Amino acid sequence: MLESIFTACSTLAMLGWAALIFRPRHRQAHLLAAVVIPFAIGVVYLVLIARHFGRSAGGFGSLSDVALLFSNPAMLLAGWVHYLAFDLFIGAWETRDAQRHGIPHLLLVPCLMLTFLFGPIGLLSYWGLRTWRTRSLQLTVEP
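In this report, we go over the structure that sits alongside the text. Computed from a predicted model, the values in this text were never measured in an experiment.

**Comments concerning the environment of N72**
Then comes step 1: Tracing the backbone through its elements, the reader meets N72 in the loop between α3 (63-69) and α4 (73-100).
Then comes step 2: By relative accessible area, which is 22% here, N72 ends up partly exposed.
Then comes step 3: Along the sequence, N72 and G128 sit 56 residues apart, while their C-alpha atoms lie 37 Å from each other.

Quick look at the structure:
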């Protein structure tokens, strides 16, 4: 069962990343990657946490507690889907923000790939690209 959930969530996330890379300006594709898929994966995360968190040893108080928590396959899966949902959401934000600032999509794609593979490193790379292209360190978006 857990393996099937892993496969389904990973496949959904890959569809979202494909939409961001290959159809970045398509409204429905972006909605799928930015909202629908992270929401669906978030529901899976909620169910996993509700069913397994209180029943698992470990916690978040120390590195050894986290290791113990993630020794439970259901909690390890919860951690994985947490990454899938949040990294995809950040990738969708990067895509929208790059479009707002006129950053060419081909320059964004390596940042998206890094965000998919290494989360915060991809976000840092996008911030670097954005700063270089806009000549500004300002990270807020004016309405």
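Moving on from the coordinates now.
**A closer look at helix α2 (residues 27-52)**
For an α-helix, the turn length of 3.6 residues means that residues three or four places apart are oriented alike.
Then comes step 1: End to end, α2 covers 36 Å across 26 residues, agreeing with the expected 38 Å (1.5 Å per residue, within 8%).
Then comes step 2: The sharpest bend along α2 measures roughly 40° and falls at A33.

**Quick look at the pattern of salt bridges**
Then comes step 1: On inspection of all chains with the given rule, the structure shows two salt bridges.
Then comes step 2: Close ionic contact of R130 with D97 constitutes a salt bridge, the shortest N to O distance being 2.4 Å. Taken together, the residues span a long stretch of sequence, with R130 in helix α6 (residues 120-134) and D97 in helix α4 at a distance of 33 residues. Across the pair, D97 and R130 agree in class, each one buried.

**Section: the environment of G91**
Then comes step 1: Here G91 is to be found in helix α4.
Then comes step 2: Here G91 falls in the buried class, since its relative accessible area comes to 0%.
Then comes step 3: Residues G91 and H52, spaced 39 residues apart in sequence, show a C-alpha to C-alpha distance of 29 Å.
Then comes step 4: Ignoring sequence-local partners within four residues, the contact set of G91 consists of W17, L20, L112 and T115.

What counts, and at which threshold
- Residues numbered from 1 in each chain as written.
- Predicted model: local features only at pLDDT ≥ 70, side-chain atom pairs only at ≥ 80, totals over all residues.
- Heavy atoms only, no water.
- Helix = DSSP H or I, 4+ residues; strand = E, 2+ residues; numbered from the N terminus.
- Buried < 20%, exposed > 50% of the residue type's maximum accessible area, 1.4 Å probe, protein only.
- Expected span 1.5 Å × (residues − 1).
- Bend = angle between axes of the 7 residues up to and from the residue.
- Salt bridge = Lys/Arg side-chain N within 4 Å of Asp/Glu carboxyl O.
- Contact = heavy atoms within 4.5 Å.

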